[in-house]
Amino acid sequence: MSDGEDTISPAVMGRIADELCELIEDGVQVGVVIGGGNIFRGASLAASGVDRVTGDHMGMLATVINALGMQDALEARGAQARVMSAIKINQICEDYIRRRAIRHLEKGRVVVFAAGTGNPFFTTDSAASLRAIEIGAELLLKGTKVDGVYTADPMKDPTAERYTSLTYDEALDRKLGVMDATAIVLCRDYDVPLRVFDINRPGALRRIIHGADEGTLVQRGGNP
């Protein structure tokens, strides 16, 4: 979604698909966990009176819509992609099965993981950490609207400073809002490095994969 457009921005979707295709061309195995906040956010709906479990289920379905859009954008560019859903909706996409997902990755397909973890009360951040652990990912990338993790919200505090690296425990103890706590704890316990970067910065994905110090790296020890 972008300013002044409807629920899904074809331009933004296309740009991200272009960058994912570049990674595939470089021989990188790519899994994508996609959110649904441009359509529904379960927590926000719950705050307005909708039952939280119902709201989270609506949010999961929103991620499926976005995942199908990303699949279409990737295939339009010649890439192979598979949407795998954590909730059963197999008339339009595959059910998530870990071994099948790994096989798709080995075949050079982009796997788009939809519907979060399939459970209410868990965010897509937690789903990203979980899927990264399950498929044995070497790195988890968190695309945001800012270029890393800051001492404070840079949108509100112009004096906020960006961290180049952090440990998992520092991110948790300082309540920096990198990802939700459950997601960070999963990364810490299974030693999955996490890099937070600006998804709107052209070429950021490829630069990270090729070793650039982009955004903020969160890992054991905190140093690249």
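Residues numbered from 1 in each chain as written. Predicted model: local features only at pLDDT ≥ 70, side-chain atom pairs only at ≥ 80, totals over all residues. Heavy atoms only, no water.

S.K.: Before we go on, may I ask you to explain the sheet that holds strand β3 (residues 94–95) in this structure?
M.R.: Hydrogen bonding along the main chain pairs the strands of a sheet, whether they run parallel or antiparallel. Strand order in the open sheet formed by four strands is β1-β4-β2-β3, with parallel pairing between adjacent strands. Taken across any chain shown, the strands that pair with only one partner, and hence form the sheet edges, are β1 (31–33) and β3. (Pairing = 2+ DSSP bridges. Helix = DSSP H or I, 4+ residues; strand = E, 2+ residues; numbered from the N terminus.)

S.K.: Could you clarify how one ought to interpret the side chain of Asn 66 in this entry?
M.R.: If you trace the backbone, Asn 66 turns up in helix α3 (residues 52–76). Residue classification places Asn 66 among the buried residues on the basis of a relative accessible area of 5%. Within polar-contact distance, the side chain of Asn 66 engages the side chain of Asn 38 at 2.7 Å. Aside from chain neighbours lying at most four places away, what touches Asn 66 is Ile 8, Met 13, Ile 34, Gly 35, Gly 36, Asn 38 and Ile 39. (Buried < 20%, exposed > 50% of the residue type's maximum accessible area, 1.4 Å probe, protein only. Polar contact = N/O pair within 3.5 Å; in protein donor to acceptor, adjacent residues only side chain to side chain. Contact = heavy atoms within 4.5 Å.)

S.K.: Any chance you could explain the pairing of strand β9 (residues 194–198) here in plain terms?
M.R.: For a regular strand, the rule is simple: side chains alternate between the two faces of the sheet. Within β9, five of the five residues are buried, leaving the element largely enclosed by the surrounding structure. Strand direction decides the pairing type here: strand β5 (residues 140–144) and β9, joined by five bridges, are parallel. Paired with Thr 144 across the bridge in β9 is Asp 198. In the sheet, β9 pairs with strand β10 (residues 216–218) via three bridges, with the strands oriented antiparallel.

S.K.: Which parts of the structure should I look at to understand helix α7 (residues 181–189)?
M.R.: An α-helical turn contains 3.6 residues, so a residue and the one three or four places further along point in the same direction. Along α7, the positions that sit buried rather than exposed are Ala 183, Ile 184 and Cys 187. The buried residues of α7 occupy one face: seen down the axis, they fall within an arc of 95°. The inward-facing, buried residues of α7 abut α5 (124–135), β5 and α6 (168–173). The N-capping residue of α7, defined by a side-chain oxygen 3.1 Å from the backbone nitrogen of Thr 182, is Asp 180. Residue Asp 191 follows α7 closely and has a positive phi angle near 55°. (Arc of directions from axis to C-beta.)

S.K.: Any chance you could explain the environment of Arg 99 here in plain terms?
M.R.: Locating Arg 99 in the fold gives a position in helix α4 (residues 98–106). Note: C-alpha distance between Arg 99 and Thr 167 (68 residues apart in sequence) is 31 Å.

S.K.: Sorry, what's going on with α5 here?
M.R.: With twelve residues, α5 should reach 16 Å at 1.5 Å per residue; the first-to-last C-alpha distance of 16 Å fits that figure. Residues Asp 125, Ser 126, Ala 127, Ala 128, Ser 129, Arg 131 and Ala 132 constitute the buried set of α5. Contact partners of the buried residues in α5: β1, β4 (110–114), β5 and α7. One side-chain oxygen of the residue at the start of α5 lies 3.2 Å from the amide nitrogen of Asp 125, identifying that residue as Thr 123. Immediately downstream of α5, the backbone of Gly 136 shows phi near 75°, a positive value. (Expected span 1.5 Å × (residues − 1).)

S.K.: How should I be thinking about the nonpolar core in this particular structure?
M.R.: Side chains that are nonpolar tend, in soluble globular proteins, to be buried together. In terms of nonpolar packing, the biggest core is built from 27 residues, with Leu 20, Met 70, Leu 74, Val 110 and Val 112 touching the most fellow members. Listing elements by their share of this core, those giving two or more residues are α1 (10–25), α3, β2 (81–85), β4 and α8 (204–209). Formed by 18 residues, the second largest nonpolar core is a distinct cluster that contains Ala 132, Leu 140, Tyr 163 and Leu 176. (Core = buried A, V, L, I, M, F, W, Y, C linked by side-chain atoms within 4.5 Å.)

S.K.: I would appreciate a short explanation of the packing of α5 against α7 in the present structure.
M.R.: Angle between the axes and distance between the axes are the two parameters that describe a pair of packed helices. The contact between α5 and α7 brings their axes to 7 Å, and the two run at 15°. As the angle between them shows, α5 and α7 are arranged roughly parallel. Between α5 and α7 lies a crossing of left-handed hand. Contacts between α5 and α7 involve Asp 125, Ser 126, Ser 129, Leu 130 and Ile 133 on the former and, on the latter, Thr 182, Ala 183, Leu 186 and Cys 187. Split by residue class, the contact of α5 with α7 holds five nonpolar, three polar and one charged. (Axes fitted to C-alpha atoms, helices over the stretch in contact; angles between N-to-C directions. Parallel < 35°, antiparallel > 145°, perpendicular 65-115°, else oblique. Left-handed = near helix turned anticlockwise from the far one by under 90°. Nonpolar A, V, L, I, M, F, W, Y, C, P; charged D, E, K, R; others polar.)

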